[in-house]
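A look at the structure
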Amino acid sequence: MKDIYVTSPLLPPLEEFIPYLEKIWEKKFLTNGGEWHQQLEKELADYLGVEHLCLFANGTLALLTALQALRITGEVITTPYSFVATSHSLLWNGLTPVFADIDPVTCNIDPDKIEALITPATSAILPVHCYGIPCNVDKIQTIADAWGLKVIYDAAHAFGVKKNNHSILNCGDLSILSFHATKVFNTFEGGAIICPDARMKQRIDYLKNFGFAGETTVVAPGINAKMNEVQAAFGLVQLGHIDHALARRAEIYHRYCEWLRDIPGIGTFSVTDDVEWNHAYFPIRVESTFPVSRDWLYDALKAQNIYSRRYFYPLISSFSMYRHLPSASAASLPVASDVAEKILCLPIYPDLTLEDQARVVNIIREQVGLTQVDKVA
Ligand SMILES: *Cc1c(COP(=O)(O)O)cnc(C)c1O
């Protein structure tokens, strides 16, 4: 039986990429802010509806650099329900993560849990738009303004997401994107920082290139985090296909919702009417009223060569480098601890076929003895 993975990378027709490679070979300009790099920064900013964008070699380097760019110190309030890179970026900057519990509906940081965690050492909030579903950005900003905190959004999942027709990436002080192979928009590996003003973009551009501000001038202890020309050229080709990819994701999302609607104990996610979602993931909630546990279902799918993923289990706060922190105890994170035991992300990607989607759904329907869905429906 054919393997079905949780995702499969968006790849354009190879022949569209070849002319870009030929041009690179001809010009021999491989990196350091070349032509494709500059063009992709412009085209992505236009496409996403943001003012300035700085390309990076990957999302983690973008996160590390965003924290440096804002000179964040001390403690940072963040979510335990994310990919480890979110908190790792704090440790790599010598910062202390402080975990706040999450909202049971969105799985994003619960703004009502933030204020109690603020101390004189707190300098920033690092929320995640988990699964591409927007955080409660208004409440988070109100708290940040009241306490003089910076807000950096880990928007690795939120490519193209809008709220009230405005990009969610314009919220907070900075947002970071990931263009990893598994994300909605990929450049094999890659990432970006979205920033509101040209001065900040300049600082970030120095920081991602060793701090060089000229041939012999170094203005900061920068890092090497630049995106190269092959990645950037590939991104330009990908941009031509992203609208179709997003439309396919939406189609697959709606089909899943339709096919799972009558199953007791299986919950799906949705967004409010003011949000344009990217359907980056298809998480389901396996409630205690479902006849088998989340892990049992995960194994049942795996036995049929379907590789769903438990994003995000275990919680970041339970890993050895975090669990000693006072905010990391499961008792102080009851919602996140509960959600981490219940969520399963089902396969979703632009070229997931109807037949394969039906295979996934029918294994879930089988558990409750419901009729099978028809792949030619
Ligand atoms: C993918 C991801 C990252 C890291 O991005 P890379 O490009 O893989 O370095 C960071 N945060 C979250 C939430 C992610 O999902």
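What you see is a predicted model; the values in this text were computed from it and never measured. (Residues numbered from 1 in each chain as written. Predicted model: local features only at pLDDT ≥ 70, side-chain atom pairs only at ≥ 80, totals over all residues. Heavy atoms only, no water.)

Time to look at the UniProt feature "modified residue: N6-(pyridoxal phosphate)lysine" (unreviewed entry) in the protein. When the UniProt feature table is mapped onto this chain, "modified residue: N6-(pyridoxal phosphate)lysine" (unreviewed entry) is found at Lys 183. Inspection of the secondary structure assignment puts Lys 183 in the loop between strand E9 (174-178) and strand E10 (191-195). Taking the relative accessible area as the measure of exposure, Lys 183 reaches 15% and is therefore buried. When residues no more than four places from it in sequence are discounted, the contact partners of Lys 183 are Ala 156, His 157, Ser 178 and Tyr 281. (UniProt positions renumbered as here; feature names shortened; annotations may be inferred. Helix = DSSP H or I, 4+ residues; strand = E, 2+ residues; numbered from the N terminus. Buried < 20%, exposed > 50% of the residue type's maximum accessible area, 1.4 Å probe, protein only. Contact = heavy atoms within 4.5 Å.)

Reported here for the largest pocket is a volume of approximately 640 Å³. Lining the largest pocket we find 36 residues, and of these Phe 83, Lys 183, Tyr 281, Tyr 311 and Phe 312 sit closest to its centre. Elements with a minimum of two residues in the lining of the largest pocket: helix H3 (59-69), helix H4 (85-92) and E9. Considering each element in turn, the lining of the largest pocket owes the most residues, three residues, to H3. A breakdown of the residues in the lining of the largest pocket according to their chemical character gives 18 nonpolar, 12 polar and six charged. Counting residues domain by domain, the lining of the largest pocket receives three or more from each of domain 1 (14-239) and domain 2 (242-366). Volume-wise, the second largest pocket comes out at about 280 Å³. Around the second largest pocket, the lining is made up of 19 residues, and of these Thr 106, Ile 133, Pro 134, Cys 135 and Asn 136 lie nearest the centre. In the lining of the second largest pocket, the residues fall into eight nonpolar, five polar and six charged. When residues of the lining of the second largest pocket are assigned to domains, at least three fall in each of domain 1 (14-239) and domain 2 (242-366). (1 Å grid on protein atoms, 1.4 Å probe; cavity = no way out; pocket = protein on both sides within 12 Å on 5 of 7 lines; lining within 4 Å. Points joined across faces, edges and corners; volume = space filled by probe spheres on them. Nonpolar A, V, L, I, M, F, W, Y, C, P; charged D, E, K, R; others polar. Domains from an automatic or database assignment.)

As a further point, take the sheet that holds strand E5 (residues 122-126). Pairing within the open sheet is mixed, and its seven strands lie in the order E2-E10-E9-E6-E5-E3-E4. The open sheet terminates on both sides in strands that have one partner only, identified here as strand E2 (52-56) and strand E4 (96-99). Direction aside, the axes of adjacent strands within the sheet are offset by 25° on average. Taken strand by strand, helix H2 (residues 35-48) contacts E2 and E9, and its axis lies near 130° from that of E2. Against the sheet, helix H6 (residues 198-207) engages E2, E9 and E10, with an angle of about 10° to E2. (Pairing = 2+ DSSP bridges. Axes fitted to C-alpha atoms, helices over the stretch in contact; angles between N-to-C directions.)

Around the ligand sit 14 residues, and of these Thr 60, Asp 154, His 157, Ser 178 and Lys 183 come closest. A distance of 2.6 Å separates an oxygen atom of the ligand from a polar side-chain atom of Thr 60. Note that an oxygen atom of the ligand is positioned 2.7 Å from one of the side-chain N or O atoms of His 157. With the chains in place, 93% of the 380 Å² that the ligand exposes on its own is no longer accessible. (Near = heavy atom within 4 Å. Polar contact = N/O pair within 3.5 Å; in protein donor to acceptor, adjacent residues only side chain to side chain. Areas by Shrake-Rupley, 256 points an atom, 1.4 Å probe, with all protein chains shown as cover.)

Okay, the domain arrangement of the protein next. Domain boundaries assigned for the protein yield domain 1 (14-239) and domain 2 (242-366). Taking the mean C-alpha position of each, domain 1 and domain 2 sit 25 Å from one another. Here domain 1 packs against domain 2, burying approximately 3200 Å² in sum over the two surfaces, 65% of which is carbon and sulfur. At the boundary of domain 1 and domain 2, one finds zero salt bridges. Counting across the interface, domain 1 meets domain 2 through 19 residue pairs in polar contact (both at pLDDT 80 or more). Where the side of domain 1 that touches domain 2 is concerned, the elements lending two or more residues are H4, E4, strand E7 (162-163) and helix H7 (229-239). (Buried area = accessible area lost by both parts, 1.4 Å probe. Salt bridge = Lys/Arg side-chain N within 4 Å of Asp/Glu carboxyl O.)

Viewed as axis vectors pointing N to C, H3 and H6 meet at an angle of 125°, and their least axial separation amounts to 10 Å. As the angle between them shows, H3 and H6 are arranged oblique. Here H3 runs over H6; the crossing is right-handed. Between H3 and H6, the contacting residues are Thr 65, Gln 68 and Ala 69 on the first element and Met 200, Arg 203, Ile 204 and Leu 207 on the second. Residues belonging to the contact of H3 with H6 are distributed by class as follows: four nonpolar, two polar and one charged. (Parallel < 35°, antiparallel > 145°, perpendicular 65-115°, else oblique. Left-handed = near helix turned anticlockwise from the far one by under 90°.)

Assignment of secondary structure puts Asn 278 in the loop between strand E14 (275-276) and strand E15 (282-286). A distance of 2.8 Å separates the side chain of Asn 278 from the backbone oxygen of His 157, its partner in a polar contact. Side-chain polar atoms of Asn 278 contact the backbone oxygen of Phe 159, separated by 3.0 Å. Among residues more than four places away in sequence, those in contact with Asn 278 are Tyr 131, Gly 132, His 157, Ala 158, Phe 159, Val 161, Val 184, Leu 246 and Arg 249.

In total, this model carries 20 aromatic pairs according to the counting rule given. Each ring, one from Tyr 5 and one from Tyr 307, has its centre 5.3 Å from the other, and the planes form 20°; the classification is stacked. Highlighted residues: Tyr 5 in strand E1 (residues 4-5) and Tyr 307 in strand E16 (residues 306-307), separated in sequence by 302 residues. Aromatic rings pair up to connect Tyr 81, Tyr 131, Phe 269, Tyr 281, Tyr 311 and Phe 312 into one cluster. (Phe/Tyr/Trp six-rings, centres within 6.5 Å; stacked < 30°, edge-to-face > 60°.)

Strands sit in the order E8-E7-E14 across an open sheet of three strands; the sheet is antiparallel. A strand with exactly one partner marks an edge of an open sheet, and here the two such strands are strand E8 (166-167) and E14. Both E7 and E14 contribute to a ladder of two bridges, which runs antiparallel. Note that in E14 the partner of Lys 163 across the bridge is Val 275.

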